[in-house]
Structures are given as C-alpha cells and as structure tokens.
2 protein chains.
Amino acid sequence: MTTASTGGPRWLTDEEQRVWRAYLHATTLLEDHLDRQLQRDAGMPHIYYGLLVQLAQAPRRQLRMTELAKNAKITRSRLSHAVARLEKSGWVRREDCPSDKRGQNAVLTQEGYEMLRRSAPGHVSAVRQAMFDRLTPEQVRTLGEIMQVMAAGLQPEGTDADLPWLR
Amino acid sequence: MTTASTGGPRWLTDEEQRVWRAYLHATTLLEDHLDRQLQRDAGMPHIYYGLLVQLAQAPRRQLRMTELAKNAKITRSRLSHAVARLEKSGWVRREDCPSDKRGQNAVLTQEGYEMLRRSAPGHVSAVRQAMFDRLTPEQVRTLGEIMQVMAAGLQPEGTDADLPWLR
DNA sequence: TCTATCTAGTTCAACTTTCAAGAAAAGGTC
DNA sequence: GACCTTTTCTTGAAAGTTGAACTAGATAGA
C-alpha cells in the first residue's frame with residue numbers, strides 16, 4: 001500500500017487510513033450531534049454557543065471583536081455576521097470601545113447569560129455522553145496529548161511562540 | 001469544580017475541560033486547514049472532495065444518491081446541492097437508475113478522476129503533516145480506538161448493528 | 001385493483017459562511 | 001502637519017447548509 005522511497009507521495013498505510021476515516025467519521029458525527037442538540041435547546045449552532053461561552057468567561061462578560069474572533073478561531077467577518085445575529089436574538093449587545101474608536105466590545109446581555117445557564121447542563125451532558133463517559137481515564141489523557149500536538153502543528157503563523165527571533 | 005451527587009448536572013472536571021477545548025481547537029484548525037488546502041488545489045471544500053473519493057472507490061465509480069449520502073454522513077438535501085455543483089464543474093454526472101425509476105446514480109467522470117489523481121498527493125501530504133507525522137505509532141493506535149468508540153456512540157439509530165432483534 | 005404508506009430525490013426559503021472590497025481610526029515617518 | 005501603512009470592523013454578493021414541503025415511483029394490504 002505504501003510506495004517505497006521512489007520520490008512519489010507517501011500514501012497512508014492501511015492502519016493510517018483506518019484511523020483517518022474513523023477520525024473523520026467520529027468528528028463529523030459529533031459536530032452534527034452538538035449542532036442539532038444546541039439548535040433544539042438553545043436555538044443556535046454550536047459555534048454561536050461557543051461565542052457566548054467565551055463572553056461569559058471574560059472579565060466583564062465582554063470582549064473586543066478581534067479578541068473574540070481569535071479565541072473562537074473564526075474570521076472577523078464571520079464574527080461580525082454572527083454577532084449581528086446574536087444581537088438580534090437579544091443575547092449580545094455591541095458597545096463602542098472607549099480607548100479605541102475603531103473598536104467594538106461584544107457584551108453578553110443578562111438574557112444571554114440566563115439562556116446560557118439554562119442550556120449549559122444539557123450541553124455538558126451531551127458532550128459527556130458522546131466523549132467522556134465512553135473513554136477510559138487513560139484514553140482521555142492521551143486524547144488530550146494528541147489534540148495538543150495537532151493543534152500546535154496547525155497553529156497559524158504569527159503566534160509569539162512561533163517567532164524564531166523571540167526564542 | 002464538580003458537583004457532588006446532588007442531582008445537579010455533572011460538570012466537566014478541569015482535565016476534561018482542557019481535553020475538550022484542545023479537541024475543539026485541534027479539530028477546527030484541521031478542518032479549516034484542509035478546506036483551504038483543497039479549495040486552493042482542487043477548487044472545492046473538503047466535503048466535496050470526500051464525495052469524489054467515495055465515488056472513485058465505488059464499483060463502477062458510481063453510487064446511488066442515498067448510498068453516497070449515507071457514506072458521507074450528509075443529508076440527501078445537501079448531497080443534491082453538492083452533486084449539482086460538482087456536475088456543473090464537470091467532475092460528476094447523473095444517470096438514471098435502470099432498476100428504480102426514482103433513483104439517480106452519481107457517476108465520477110473521467111475529468112473528475114483525473115482531478116482526483118492530481119490533487120490526491122497534496123491532500124495526503126497535508127493530512128500527514130497535520131496528523132500522522134506528529135504522532136507516535138502508539139498515539140495513532142490509541143486515536144483510532146478513541147474515534148471508533150466515539151463514532152459507535154453517535155451512530156444514528158437504525159444501523160443493523162444497533163437493531164437488538166438482529167443480535 | 002384501489003388505496004394508503006413509504007422511499008428517492010429535488011426544491012424552496014431562511015440562515016450561515018466565505019471572500020473581496022471598503023470605511024474609519026490608529027500609528028509611524030518625514 | 002502630510003503621507004503611508006496597519007489595524008479594526010463592516011458590508012455585500014456568492015456559495016453552501018438546513019429543514020420542511022413536494023413530486024414521482026415503489027410497496028404492501030384489502
């Protein structure tokens with residue numbers, strides 16, 4: 001299945017193929033599952049829920065748009081649209097940033113906070129059922145390691161940790 | 001951090017939270033990365049590429065729509081749109097199913113096959129760099145196990161394996 | 001056969017994401 | 001200040017996704 005070092009591409013071994021398919025299968029099933037669960041129970045897709053969680057954990061339940069986009073790993077454009085929608089739903093409000101007139105703070109409203117509190121148990125339970133209740137402690141530990149390694153390798157350039165002249 | 005058994009929701013432990021965030025972080029980074037790579041090199045998102053791969057591996061490079069949707073874990077609706085787009089690009093063609101007049105076969109065209117052959121090495125290499133080249137063999141093995149367990153737990157009902165009267 | 005039900009696939013409208021373009025403010029240099 | 005570059009955020013159009021409604025053909029029972 002693998003090409004000997006003839007300069008051609010290194011294909012995946014049989015085991016790697018199995019793992020890759022299992023990965024795609026499991027991650028898409030889980031993402032779909034959580035999207036449906038949250039759409040049903042909180043009226044929004046998973047990513048939007050994640051934005052509210054970020055805000056809820058931020059100092060005054062607010063974050064600069066760029067900061068929020070960075071945390072959630074989405075583009076500023078996408079965030080603009082998303083916050084517009086969340087604003088229309090009443091869960092987020094925009095405020096001008098006092099120190100930078102270009103800036104906007106996305107602020108979690110009280111309603112948004114309440115909504116989060118109501119739907120958090122169901123969401124945690126869905127995550128638990130899908131992942132943590134099915135894995136051994138050892139598997140959970142290893143999964144953490146693996147995901148850290150992968151994330152590190154995919155980190156977009158420009159992170160401090162990746163600038164050689166800062167090492 | 002965890003609620004003692006008071007009947008309240010079982011929150012995630014600190015470690016579980018770390019693992020969950022790492023999981024979300026890594027999986028979104030990887031999906032974004034592959035989407036960009038394939039959009040650039042093959043002119044389509046990752047999921048569309050997956051459809052072509054399925055077709056390429058099918059008996060006569062063709063599959064019934066429903067079958068293809070099931071394999072790719074997407075709705076029939078989404079597949080209809082996707083195939084319409086792939087048809088416009090010339091990589092797939094629809095054919096009426098001879099045995100069932102409701103049915104349609106999605107057929108990989110020769111152009112589609114060529115395109116796949118051209119872009120496969122780059123795609124495999126991207127997957128490799130992001131995942132397999134960074135993990136130890138032991139980690140790859142464990143990742144496979146974990147993903148299988150998770151997928152099994154999320155399997156939509158109605159799969160043969162889940163029908164108790166067939167066991 | 002007649003009818004009810006089910007299945008395959010498409011279509012529509014509402015929503016989300018992407019990409020490119022643009023407005024406004026900040027920062028740096030002369 | 002004048003000029004240029006960068007940063008912040010928004011906008012608009014095109015592409016993609018979703019869920020419900022719909023058409024046509026298959027299937028099963030009386």
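Provided above is the structure to which this section pertains.
Before going into details, it helps to say that this report is about the structure given with it. Counting starts from 1 at the beginning of each chain's written sequence and moves along it residue by residue. Each chain is given a letter, starting from A, and each ligand a number, starting from 1, according to the order in which they appear as written. Only residues with pLDDT of at least 70 are given local features in this predicted model, and only at 80 or more are side-chain atom pairs given and counted; all residues enter the totals for whole chains, interfaces and linings. Hydrogens and waters are ignored; side-chain quantities use all the structure's heavy atoms.

Regarding the protein's contact with DNA strand D
Phase 1: Near DNA strand D there are 21 residues, and of these T66(A), S80(A), R94(A), R102(A) and R78(B) occur at the shortest range.
Phase 2: A single heavy atom is enough: if one lies within 4 Å of a molecule or strand, its residue is considered near that molecule or strand. Counting only the atoms of DNA strand D that lie within 4 Å of the protein, the sugar and phosphate share comes to 60%.
Phase 3: Under this definition, polar contacts are N or O atom pairs within 3.5 Å; protein pairs additionally need one hydrogen-donor-capable and one acceptor-capable atom, and for neighbouring residues in sequence, both atoms have to be side-chain atoms. In this structure, a phosphate oxygen belonging to DNA strand D sits 2.4 Å away from a side-chain N or O atom of S80(A).
Phase 4: Here a phosphate oxygen of DNA strand D and a side-chain polar atom of R94(A) are 2.3 Å apart.

Overview of the protein's contact with DNA strand C
Phase 1: Around DNA strand C lies a shell of 20 residues, among which R78(A), T66(B), S80(B), R94(B) and R102(B) are the nearest.
Phase 2: Taking the atoms of DNA strand C that fall within 4 Å of the protein, sugar and phosphate contribute 68% of them.
Phase 3: Measuring from a phosphate oxygen of DNA strand C, one finds a side-chain N or O atom of R94(B) at 2.3 Å.
Phase 4: The contact in question runs from a base oxygen of DNA strand C to an N or O atom on the side chain of R102(B), over 2.6 Å.
Phase 5: A run of H or I in DSSP becomes a helix once it reaches four residues, and a run of E becomes a strand once it reaches two; helices and strands are each numbered from the N terminus. Among the secondary structure elements, those contributing two or more residues to the surface near DNA strand C are α2 (46-57) and α4 (76-88) of chain A together with α3 (65-72) and α4 (76-89) of chain B.
Phase 6: All residues other than Ala, Val, Leu, Ile, Met, Phe, Trp, Tyr, Cys, Pro, Asp, Glu, Lys and Arg, Gly among them, are scored as polar; the first ten of these are nonpolar and the last four charged. Looking at the surface near DNA strand C, its residues break down into three nonpolar, eight polar and nine charged.

Considering the sheet that holds strand β3 (residues 104-108) of chain A
Residues and elements named next belong to chain A.
Phase 1: On the basis of which strands lie adjacent, the open sheet formed by three strands has the order β1-β3-β2 and antiparallel pairing. The open sheet has two edge strands with one neighbour each: β1 (62-64) and β2 (92-96). In this sheet, adjacent strand axes meet at a mean angle of 25° when their direction is disregarded.
Phase 2: Two strands pair under a simple rule: DSSP has to find at least two bridges between them. As paired elements, β2 and β3 share five bridges and run antiparallel to each other. Note on β3: the bridge partner recorded for E95 is N105.
Phase 3: Residues count as neighbours in contact if any of their non-hydrogen atoms are within 4.5 Å of one another. Axis angles are defined between N-to-C directions and span 0 to 180 degrees, where every axis is a line fitted to C-alpha atoms and, for a helix, only to the segment in contact. Its contacts with the sheet place α2 against β1, β2 and β3, and it is angled at close to 95° to β3.

As for α4(A)
In an α-helix, one turn spans 3.6 residues, which is why side chains three or four residues apart end up on the same side.
Residues and elements named next belong to chain A.
Phase 1: Taking 1.5 Å of rise per residue, 13 residues should cover 18 Å, and α4 covers 18 Å from first to last C-alpha, within 8% of that figure.
Phase 2: Among the residues of α4, those classed as buried are L79, A82, V83 and L86. Projected down its long axis, α4 carries its buried residues within an arc of 100°, all on one side. Those residues of α4 that are exposed and aimed more than 90 degrees away from the buried face are H81 and K88.
Phase 3: Structurally, α4 contributes buried residues whose contacts are with α2, α3 (65-72) and β2.
Phase 4: Trailing α4 by a residue or two, G90 shows a phi angle of about 90°, which is positive. To estimate the expected span of a helix, count its residues, drop one, and scale the result by 1.5 Å. Only protein chains enter the accessibility calculation, which uses a 1.4 Å probe. A residue is then buried if its area is under 20% of the maximum for its type, exposed if over 50%, and partly exposed in between. The arc under discussion is defined with respect to the helix axis, by the directions toward the C-beta atoms.

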